[in-house]
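Spelled out from the first residue to the last, the chains are:
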Amino acid sequence: MTARSSPAALRNREVIAQTLAPFMPPSGTALMIAEGSGEHAVHFAAAFPEVTWQPTDPDEEARASIAAYRASAGLPNLSAPLPLDAAAGEWPIDRADLITCINMVHISPWAATEGLMRGAGRTLPTGGVLYLYGPYRRGSRPIEPSNAVFDESLKARDPRWCLRELQDVIDLADAHGLRLQLVEEMPANNLSVIFRRR
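What counts and what doesn't
- Residues numbered from 1 in each chain as written.
- Predicted model: local features only at pLDDT ≥ 70, side-chain atom pairs only at ≥ 80, totals over all residues.
- Heavy atoms only, no water.
- Salt bridge = Lys/Arg side-chain N within 4 Å of Asp/Glu carboxyl O.
- Helix = DSSP H or I, 4+ residues; strand = E, 2+ residues; numbered from the N terminus.
- Buried < 20%, exposed > 50% of the residue type's maximum accessible area, 1.4 Å probe, protein only.
- Pairing = 2+ DSSP bridges.
- Axes fitted to C-alpha atoms, helices over the stretch in contact; angles between N-to-C directions.
- Left-handed = near helix turned anticlockwise from the far one by under 90°.
- Contact = heavy atoms within 4.5 Å.
- Nonpolar A, V, L, I, M, F, W, Y, C, P; charged D, E, K, R; others polar.

Peer 1: Looking at this structure, I do not really get the pattern of salt bridges. What am I missing?
Peer 2: Think of it this way: side chains of opposite charge can pair up when their charged atoms draw near. The tally for this structure, following the rule as stated, stands at 10 salt bridges. Put simply, Glu152 and Lys155 hold a salt bridge, and the shortest N to O gap is 3.9 Å. Highlighted residues: Glu152 and Lys155, both in helix α5 (residues 145-157), separated by three residues, approximately one helical turn. Judged by its relative accessible area of 34%, Lys155 falls in the partly exposed class. Measuring nitrogen to oxygen at the nearest pair gives 3.0 Å for the salt bridge that ties Asp158 to Arg160. The exposure class of Arg160 is exposed, given its relative accessible area of 51%.

Peer 1: Looking at this structure, I do not really get the sheet that holds strand β6 (residues 190-197). What am I missing?
Peer 2: Remark on secondary structure: sheet strands pair via backbone hydrogen bonds, oriented parallel or antiparallel. Here we have six strands laid out as an open sheet, ordered β2-β1-β3-β4-β6-β5, and mixed in their pairing. Two strands bound the open sheet, and with one partner strand each, they are β2 (52-55) and β5 (178-186). Within the sheet, the average angular offset between the axes of one strand and its neighbour, ignoring direction, is 20°.

Peer 1: Looking at this structure, I do not really get unusual backbone geometry. What am I missing?
Peer 2: In terms of backbone geometry, most residues other than glycine have negative phi values and most peptide bonds are trans. Unlike most non-glycine residues, Ala188 shows phi in positive territory, near 60°. Along the chain, Ala188 turns up in the loop between β5 and β6. Overall, the relative accessible area of 60% leaves Ala188 in the exposed class. Look at Asn189: it is not a glycine, yet its phi comes out positive at around 60°. Mapped onto the fold, Asn189 is located in the loop between β5 and β6.

Peer 1: So what exactly am I meant to see when it comes to the packing of helix α1 (residues 7-20) against helix α2 (residues 39-47) here?
Peer 2: Describing two packed helices takes the angle between their axes plus the distance from one axis to the other. α2 packs onto α1 with a crossing angle of 35° between their chain directions and a minimal axis gap of 10 Å. Pair α1 / α2 crosses with right-handed handedness. Side by side, α1 and α2 meet where Ala9, Leu10, Asn12, Arg13, Glu14, Ile16, Ala17 and Leu20 of the first sit next to Glu39, His40, His43 and Phe44 of the second. Per-class residue counts for the contact of α1 with α2 are six nonpolar, three polar and three charged.

Peer 1: Please explain the packing of helix α4 (residues 110-123) against helix α6 (residues 166-175) as it appears in this structure.
Peer 2: Packing of α4 against α6 leaves a shortest axis separation of 9 Å and a crossing angle of 35°. Along this stretch, α4 crosses α6, giving a crossing that reads as right-handed. Every residue of α6 that contacts α4 at Trp110, Thr113, Glu114 and Met117 is listed here: Asp168, Val169, Leu172 and Ala173. When its residues are assigned to classes, the contact of α4 with α6 shows five nonpolar, one polar and two charged.

Below, the structure is given as structure tokens:
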């Protein structure tokens, strides 16, 4: 199994952990959607040992990387990765106290975000938290130059990908019983967007 390395994950994992800390459940399960390399999973499992972390990714190579990091870290609260497509009608886990989804919303078709919100509304208990991280457009606010370049590169790779309008994501979440709690500026023109299940 080959462990991938994500420079972005290495840069943002600590600041994300700090933002997540006030919203962490005292125990239970944290479901990681589109986990990617596994570096966030290992970092968060070490930072929050009271919670069982369940990483998932639809990509087989990503799951192999997560498994390699998990084997190396040996953390008892980090579960083996599961295949999960956010857009799917059914997920392999039916309850989680926290859901994280980092850098997926813009690097996937809109159907994946629709599925994410449906699944979060179905999987989170009342008071459960959905955490999103990534870049967004924000209404009439001018887009940051680096994000504009990134947006064009995403569309060139796949016309279904782009920086989403934040209000569209908030409205979609609300339609599935998820109320916005926090929008926080993060490094490199990213945002932390946190919802709580009504």
